[in-house]
Amino acid sequence: MRNILLLIFTILISLSVCAQSGIDMSQQVPFDKEFRIGVLPNGLTYYIKHNETPKGKASFYLYQNVGAVLETDKQNGLAHFLEHMAFNGTTHFPGNSMIDVLEKKGVKFGKEINAYTSTNKTVYNISQVPVTREEDLDTCLLILNDWCNELSLTDAEIDSERKVIQEEWRQRYDANYRLDQQLKDVKYNHSIYSKRDALGSMDVVQNFKYKELRAFYNNWCRTDLQAIGIVGDFNVDEVEAKVKALFSQIPAVKNPEEREYVIIPDNDKPLYKVATDKEVKNVGFTLEIRHFYEKDNTQAQLRETFVNAFFNILINQRLKEKSLNAKQPYITARVLCGDFEKNYKVFNLNFNANEVNVNSALKSVYTEMQRVVQHGFTEKEIDRLKSEMLKKNESRGKGRLRQNSDAICKSIKDAYLDGVAVSDNEFNYYFLKTVLPTITKEEVSDFVKSFLTEKNRVFMITGPDKEPLKVPSLAQIEAIIAKVEASALEPYVEKAPINVSLLDTLPEGGKIVGEKLLKGYKAVEWQLSNGAKVIYKISNNKKGTLELKAVSPGGASVYDVKDIPSLQAVSLANKFGIGDLDPLTYNKVMVNNSAKSNVSLETYFEKVTASASTKDVESMFQLVYMHFEKPRFDEAKFDELMAGNYGSLKSPSQNPNTLIGKAYKTLAANGDPRYFEYDKTYLDQISFERMKEIYKERFSNPGDFTFYLIGDVPFKTVQSLVEKYIGAIKAGSKKESWKPLEDYFPKGFNTHRVEIPMEAPKATVVIKMQKPLAYNRERIVHHTILGQILNIRFIENIREKEGGVYTIGVNAGDIRVPSPQLSMDISFNCDPENAEHLNKLVNKELEQVTKEVKQSDLDKVVLNLKKNQPLLKRSNAYWMETLQTYYNYGENMMAPEYFDTILDKVTVEDIKKAASYFFDNPNVLNIIFVPEAN
């Protein structure tokens, strides 16, 4: 009670401060005035907004205030089943024709046509639809209308979808899912939440009578529990008129059943449960304290979310700092206060630890949380975070950044279901600017106290299924907590000085000795006096940021086999700190600095990557300079990391995906002497001194690197910093190239059946294909199209017709180093009894596509590629690739003949030829992973 009164007093003080600053915290958060919002006579709510990000496109969403908690026991899983049925026949789109119609408009199933169900809601979306033609907009509105009230729910389609949902369950039936099932009764105190989840009961899914699904649909999928969100590049008046005309025709349900919300019973005494699974490696501990909480859309509550965020960020910064100490007993730890289920918030303290360290880990994590309770946060912590958030707000405010339509649609979901407004950029900017300075150390420090009640506590432990499993009992947990709470803890003290500079002595820079404009790329090339080549492209794709990638040929290819373990450890340098700064000091110095940089050593290249917001670009350049001139090699930290690696061998992971990955790599390596199993022999060969030598060899000569820069930082600023820091890197004389390595991938057609210990009745099929290529742009584009056409065919035939899989992945790609090569990866999960059959069907599809390609499938893929191409060009990653392609191969990715012209001319015959070429004796690794026989 004292904690609650203290929090109320603190809030009253803060509201008084806000009132003095001119903000009435009792007022509602205003809705963005650009929205057109209405409620039709039948109860359906609509939200419409004009938005030109992306231009010429719109997104369409349906939100249903309906989820799994509304099911009866006979309907357990049917809310999710209905979500699936929305794509399997409606009045105006029978069978699977809806997906066919949308894909013909360039909208891809799975990526841009999707839906999800949870305990309290169901959300459908059609995203990024080109709406330059009115008929396309009308089609999407008609689909939303059908989703609201016109599902066909035919017997045949229902029976067909049972198999697909069984496969979705199979795909998700992992250790985390099984542990959650064991813990639900205490997590939700035996309420309906403990008996429901989206997937539901597979016994119900396979055996429910058709009338049960139709009853749930008629009972709950109705206009007073539905809203639509339509955001995009269109005329709002016209769309609103269409919505009123079309959706008003849906009849309101007479005498509808009341939509009630679940009340989770209070528990005066703590609940406790241990859940185990054979595939779990470490012990997980969670303390949850549940609180009823209704959202009210007041500005006071909005302000509280920032106080909450302050607490979450600061407590976890302390835990992260503590984790840098090698002696910490936990592997990962987190404390936060946040949303739980509808009308609930929760305090959550959790960590992972080795079995022998659970008690000490609990003491360590709870001590840090209790230190906040006793002494609060420091003014420096609060001020640093406040400063960082205010700077970010200024950066966003200046740019008045526009969200894309899907991001806005996701905000509408919270507006409809929780009654919180979608406010505009101007309100957000001024609210943060005014309110953040009023947030005090005291209220952030006291925030968590109201959550630490004795009531509604739940302790949950997860661990490996073994005897004996040594984890603390409820009495032992409470004793540890009580002892910590009774301790007079020392206040938090910042261990590292924060006034230390990143780079204490600034270097004497170099000079730009040559400059060349790349007009077609809106870029400039600088040749520096130390031999480095720098390209800067002005781009505002990510406003207020600068990104860097420096690339040099060589990589691991220039080293002998004996050096492989040590060179693979080079990335550990990213964990040593930098210059004179150890990891802890470095983190403190950079706490209010967005600059980041890392090094990596790949098979054929070494790379430096970096990024920063405009205010921190000099720090970014300093980090890049220091990677070359002042790297840090910390042998004590190295020994600590290696001790952790050796320790992990004592209890190897039993996760089936890890075991499958390991087995796949071994088969694909096929005896390659440069491939090492991760074991003690491998770790024994890692040398700190040799790792250090290799690092210095790879990151020594700036003249062997090309530095690519993309951003909207002023030209003169970048030019000056390039000279000052990149130009200051000492020149080297040695220039290298990569050396081609022998390809050990299995030749010919290779099949394997591998048994993996696992709990799930699940097989995983992996097909990897490779084929050498005489480089040809047209063939590469055709190969990409082929992969996407196969994706359509697999969904149609393997998922929908056969009901054999939930998802099936197809990735068609190519590489150019060390020699041009096409590849294709196909993978899926399924019933072990069905694996051989489905594997044959997949290979039959590969054979069939050499003989027949549907024009409609080709049209769908080409439209989708054309639609997404402008979006790609708005990403820095695209322009990084464009510049590297130009400098490495002399090719212009923007030239029509590189991509667009090929798309315009492609025919079904081209794709059949591409299929015939690739599937004519490629090197194939076809593996079926199945559960180990008992």
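Residues numbered from 1 in each chain as written. Predicted model: local features only at pLDDT ≥ 70, side-chain atom pairs only at ≥ 80, totals over all residues. Heavy atoms only, no water.

**Student:** It is not clear to me how the overall build of the chain should be interpreted in this structure. Could you clarify?
**Tutor:** Each helix and strand counted, the chain has 30 helices and 23 strands in total. The globule rule puts the C-alpha radius of gyration for 934 residues at 30 Å, and the 30 Å found for the chain is close to it. Along the first, second and third principal axes, the C-alpha atoms of the chain reach 85 × 80 × 65 Å. When the 934 residues of the chain are sorted by exposure, 54% land in the buried category. Restricting to contacts in the chain with at least 6 residues of sequence separation, those with at least 24 account for 83%. Of the roughly 41000 Å² of accessible surface on the chain, 50% is carried by carbon and sulfur atoms. Computed over 122 positive and 125 negative side-chain charges, the inter-centroid distance for the chain is 3 Å. (Helix = DSSP H or I, 4+ residues; strand = E, 2+ residues; numbered from the N terminus. Rg over C-alpha atoms; globule rule 2.2 N^0.38 Å. Buried < 20%, exposed > 50% of the residue type's maximum accessible area, 1.4 Å probe, protein only. Contact = heavy atoms within 4.5 Å. Areas by Shrake-Rupley, 256 points an atom, 1.4 Å probe, with all protein chains shown as cover. Lys, Arg positive; Asp, Glu negative; His and termini not counted. Charge placed at Lys NZ, Arg CZ, Asp CG, Glu CD.)

**Student:** Is there a simple way to explain the UniProt feature "domain: Peptidase M16 C-terminal" (unreviewed entry) in the chain in this structure?
**Tutor:** Mapped onto this structure's residue numbering, the UniProt feature "domain: Peptidase M16 C-terminal" (unreviewed entry) falls at residues 208-388 and 686-862. When the span residues 686-862 is considered, its composition is 40% helix and 24% strand, and the gap between its end C-alpha atoms is 49 Å. (UniProt positions renumbered as here; feature names shortened; annotations may be inferred.)

**Student:** When you look at the UniProt feature "domain: Peptidase M16 N-terminal" (unreviewed entry) in the chain in this model, what are you seeing that I'm missing?
**Tutor:** The UniProt feature table records "domain: Peptidase M16 N-terminal" (unreviewed entry) at residues 51-183. Taken end to end, residues 51-183 has its terminal C-alpha atoms 44 Å apart, with 44% of it in helix and 17% in strand.

**Student:** Please clarify how the nonpolar core should be interpreted in this entry.
**Tutor:** Among soluble globular proteins, nonpolar side chains are generally buried collectively. Ranked by size, the top nonpolar core spans 69 residues in total, and within it Phe60, Phe87, Trp147 and Phe247 carry the most contacts. The biggest single contributor to this core is helix α4 (residues 134-149), with seven residues. Ignoring any residue separated from it by four or fewer positions in sequence, one finds phenylalanine 247 in contact with Leu40, Asn42, Leu44, Leu141, Leu144, Asn145, Cys148 and Ile228. Val524, Ala550, Tyr559 and Phe628 belong to the second-largest nonpolar core, a separate cluster that totals 64 residues. (Core = buried A, V, L, I, M, F, W, Y, C linked by side-chain atoms within 4.5 Å.)

**Student:** Teacher, can you tell me more about the sheet that holds strand β6 (residues 226-232) here?
**Tutor:** By way of backbone hydrogen bonds, the strands of a sheet pair with one another, either parallel or antiparallel. Pairing is mixed in the open sheet, where six strands are placed in the order β1-β2-β6-β3-β5-β4. Strands with a single pairing partner mark the edges of an open sheet, and in this sheet they are β1 (35-39) and β4 (113-117). Ignoring strand direction, the axes of neighbouring strands in this sheet form an average angle of 10 degrees. Note that β1 and strand β2 (residues 45-50) share five bridges and pair antiparallel. Looking across to β2, one finds that arginine 36 is bridged to isoleucine 48. Across the sheet, helix α2 (residues 78-85) lies against β4 and β5 (122-130), angled at about 170 degrees from β4, the strand it touches most. In this fold helix α9 (residues 236-247) packs onto β1, β2 and β6, with an angle of close to 160 degrees to the strand it touches most, β2. (Pairing = 2+ DSSP bridges. Axes fitted to C-alpha atoms, helices over the stretch in contact; angles between N-to-C directions.)

**Student:** Explanation requested: the packing of aromatic side chains in the structure shown.
**Tutor:** According to the stated counting rule, one finds 40 aromatic pairs in the structure shown. Aromatic ring contacts, followed pair by pair, group Phe628, Phe633, Tyr695, Phe699, Phe705 and Phe707 into a single cluster. In this structure, lysine 537 packs its charged tip against the face of tryptophan 879, placed 4.3 Å from the ring centre. Just above the ring of tyrosine 898 sits the side chain of arginine 777; from NZ or CZ to the centre is 3.6 Å. (Phe/Tyr/Trp six-rings, centres within 6.5 Å; stacked < 30°, edge-to-face > 60°. Lys NZ or Arg CZ within 6 Å of the ring centre and 35° of its normal.)

**Student:** When you look at the confidence of the model for the chain in this model, what are you seeing that I'm missing?
**Tutor:** When pLDDT drops low, the exact placement of atoms in the prediction is not to be read closely. Looking at the chain, pLDDT values average 95 and 97% of them are 70 or higher. Counting contacts from residues 1-17, a segment whose pLDDT is below 50, to residues more than four positions away or on other chains yields 14 contacts. (pLDDT = per-residue confidence, 0-100.)

**Student:** Would you mind going over the sheet that holds strand β23 (residues 923-931) with me for this structure?
**Tutor:** Here we have five strands laid out as an open sheet, ordered β19-β23-β20-β22-β21, and mixed in their pairing. Lying at the two open borders of the sheet, with one neighbouring strand each, are β19 (749-756) and β21 (808-815). Sheet twist, expressed as the mean angle between neighbouring strand axes with direction ignored, is 10 degrees. Bridge analysis of strand β20 (residues 763-772) against strand β22 (residues 821-830) gives 10 bridges, and the strand direction is antiparallel. Residue lysine 771 lies in a different strand from β22, and its bridge partner there is leucine 822. Seen against the sheet, helix α21 (residues 656-669) touches β19, β20 and β23 and runs at an angle of roughly 150 degrees to β23.

**Student:** Quick question: what am I supposed to make of helix α14 (residues 425-435) here?
**Tutor:** Since one α-helical turn is 3.6 residues long, residues separated by three or four positions face the same way. Among the residues of α14, those classed as buried are Phe427, Tyr429, Phe431, Leu432 and Val435. Residue aspartate 424 occupies the N-cap position of α14, its side-chain oxygen lying 3.2 Å from the main-chain nitrogen of glutamate 426. (Polar contact = N/O pair within 3.5 Å; in protein donor to acceptor, adjacent residues only side chain to side chain.)

**Student:** Honestly, the pattern of salt bridges in this entry has me stumped. Any pointers?
**Tutor:** Oppositely charged side chains may form a pair once their charged atoms are brought near each other. Per the counting criterion, the structure on display carries 72 salt bridges. Between glutamate 134 and lysine 242 there is a salt bridge, and its shortest N-O distance comes to 2.6 Å. Note that glutamate 134 is positioned in helix α4 and lysine 242 in helix α9, a separation of 108 residues in sequence. Across the pair aspartate 138 and lysine 242 runs a salt bridge whose closest N-O atoms are separated by 2.9 Å. A residue pair is termed long-range when its members are at least 10 positions apart, and aspartate 138 in helix α4 and lysine 242 in helix α9 qualify at 104 residues. A cluster of three or more residues bridged by salt bridges with shared partners is formed by Asp100, Glu103, Lys104, Asp857 and Lys860. (Salt bridge = Lys/Arg side-chain N within 4 Å of Asp/Glu carboxyl O.)

**Student:** In this structure, what is going on with the packing of helix α19 (residues 617-629) against helix α24 (residues 715-726)? I would like to understand it.
**Tutor:** Between two packed helices, both the angle of their axes relative to each other and the distance between the axes serve to describe the pair. At a closest axis distance of 9 Å, the pairing of α19 and α24 adopts a crossing angle of 25 degrees. One way to sum up the angle between α19 and α24 is to call them roughly parallel. α24 is crossed by α19, and the crossing has right-handed handedness. Contacts between α19 and α24 involve Val617, Glu618, Phe621, Gln622 and Tyr625 on the former and, on the latter, Val718, Leu721, Val722, Lys724, Tyr725 and Ile726. Within the contact of α19 with α24, the residues separate by chemical class into eight nonpolar, one polar and two charged. (Parallel < 35°, antiparallel > 145°, perpendicular 65-115°, else oblique. Left-handed = near helix turned anticlockwise from the far one by under 90°. Nonpolar A, V, L, I, M, F, W, Y, C, P; charged D, E, K, R; others polar.)

**Student:** Whenever I open this one, the packing of α2 against helix α5 (residues 155-172) confuses me. Can you help?
**Tutor:** Remark: α2 packs on α5, axes separated minimally by 10 Å, with the N-to-C direction vectors making an angle of 115 degrees. One element, α2, and the other, α5, form an angle in the roughly perpendicular class. With respect to the hand of their crossing, α2 and α5 are arranged in right-handed fashion. Between α2 and α5, the residues in contact are His80, Phe81, His84 and Met85 and Glu157, Ile158, Glu161, Arg162, Val164, Ile165 and Glu168, respectively. Residues of the contact of α2 with α5, tallied by class, amount to five nonpolar, two polar and four charged.

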